[in-house]
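Analysis of the macromolecular model
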Amino acid sequence: MATVSKECEYESLPPKTARSLGIFYANPNAPRFIVVGGVRFINNLLDIKDRLAVEIYDPQLNSWEICPPFPADFISGNSLLSLSSALFGGKFYVLWIYSCFISSFDLEKRVWTLVQMLRPPRYHNTGVIFSFLILCQDRLVLAGICNSSLGPSFNLWRIDERTMEFSKIAIMPQDLLYSLFDSDEDDKFASLKCVGLGYHKRYLRFG
């Protein structure tokens, strides 16, 4: 782990885009910004060899802390479009929305946990297509589009952060789900993004 000035960060490399951002507080008067993932293009080509960086910005010192990169299971090129994140309980959780891989970054120890699979159990041939991890009223919630014999559905599960076990919250009425989209294409739900309502008193998350 290293701390570098803002001016000298990656002087020879193009900046990354489409990164996930969160805000946490080292103490009540010390906000920090954590940015993860993102993509970098070199000569108009995606840099597939780049490890997914994790950086923490201290606005009081105007400095960046370079932290351990993502676990290797998270492939390069993962941007805000394919990652979902939530700040909760002193950890920054990151979910790969299509593979259901999840890992958390300890904001105090600056280490990643082992990668797990956060995929709800199948019920009556229902399987998750993609899902989002969100913070909602001081709890972790998984929101996902599922396939079933009755067609796509939008499901919510509460996540126990200690065991990563699921408990179902609700399923959106199918008529309401379909009314949110004008297209009749098979991939009409691909543009769906989920945002939590409410936030933990010490953590904020944007994008």
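The preceding data block contains the structure.
One structure accompanies this document, and this report is about it. Nothing here was measured: the structure is a model prediction, and the numbers come from that model. (Residues numbered from 1 in each chain as written. Predicted model: local features only at pLDDT ≥ 70, side-chain atom pairs only at ≥ 80, totals over all residues. Heavy atoms only, no water.)

Quick notes on the sheet that holds strand β12 (residues 127–135)
With respect to topology, four strands assemble into an open sheet ordered β12-β13-β14-β15, the strand pairing being antiparallel. Since the sheet does not close on itself, it has two edges, and those belong to β12 and β15 (166–171), each with one partner. Here the strands of the sheet are splayed against their neighbours by 30° on average, with no regard to which way each runs. Where strand β14 (residues 153–159) meets β15, five bridges bridge the pair, whose relative direction is antiparallel. Bridge pairing in β15 places Ile159 opposite Phe166. (Pairing = 2+ DSSP bridges. Helix = DSSP H or I, 4+ residues; strand = E, 2+ residues; numbered from the N terminus. Axes fitted to C-alpha atoms, helices over the stretch in contact; angles between N-to-C directions.)

With respect to the environment of Phe189
By secondary structure assignment, the location of Phe189 is in the loop between α1 (174–179) and β16 (203–206). Phe189 sits 60 residues away from Ile129 along the chain, and the two C-alpha atoms are 9.9 Å apart. Not counting the four nearest positions on each side in its chain, Phe189 is found in contact with Phe130, Ile145, Pro152, Leu177, Tyr178 and Phe181. (Contact = heavy atoms within 4.5 Å.)

Focus: the packing of aromatic side chains
All chains considered together, the criterion is met by eight aromatic pairs. Here the aromatic rings of Tyr57 and Trp64 are separated by 5.0 Å at their centres, their planes lie at 40°, and the arrangement is tilted. Here the aromatic cluster, defined as three or more aromatic residues joined through ring pairs, consists of Phe33, Tyr57 and Trp64. (Phe/Tyr/Trp six-rings, centres within 6.5 Å; stacked < 30°, edge-to-face > 60°.)

Here we look at the nonpolar core
Proteins that are soluble and globular tend to have nonpolar side chains buried together. Grouped together as the largest cluster of nonpolar side chains are 16 residues, with contacts concentrated most on Ile34, Val54, Phe70, Phe92, Val94 and Phe105. Sorting the residues of this core by element identifies β3 (30–36), β6 (54–58), β8 (83–88) and β9 (91–96) as the ones contributing at least two each. Here this core gets three residues from one element, more than from any other, and that element is β9. Ranked by size, the runner-up nonpolar core spans 15 residues in total, among them Phe88, Leu118, Leu135 and Cys146. (Core = buried A, V, L, I, M, F, W, Y, C linked by side-chain atoms within 4.5 Å. Buried < 20%, exposed > 50% of the residue type's maximum accessible area, 1.4 Å probe, protein only.)

Let's talk about the pairing of β8
With six of its six residues buried, β8 lies for the most part within the structure. Residues Leu83, Ser85 and Leu87 line one face of β8 and the alternating positions Ser84, Ala86 and Phe88 line the opposite face, and both faces are buried. Two elements, β8 and β9, share six bridges in a ladder whose sense is antiparallel. Each bridged residue has a counterpart across the sheet, and for Leu87 the counterpart in β9 is Phe92. Connecting the antiparallel pair β8 and β9 is a turn made up of two residues, with Gly89 showing a positive phi of about 60°.

Here we look at the side chain of Ser84
Tracing the backbone shows Ser84 in strand β8. Classification of Ser84 by relative accessible area gives buried; the value is 4%. There is a polar contact of 2.8 Å between the side chain of Ser84 and the backbone nitrogen of Leu133. (Polar contact = N/O pair within 3.5 Å; in protein donor to acceptor, adjacent residues only side chain to side chain.)

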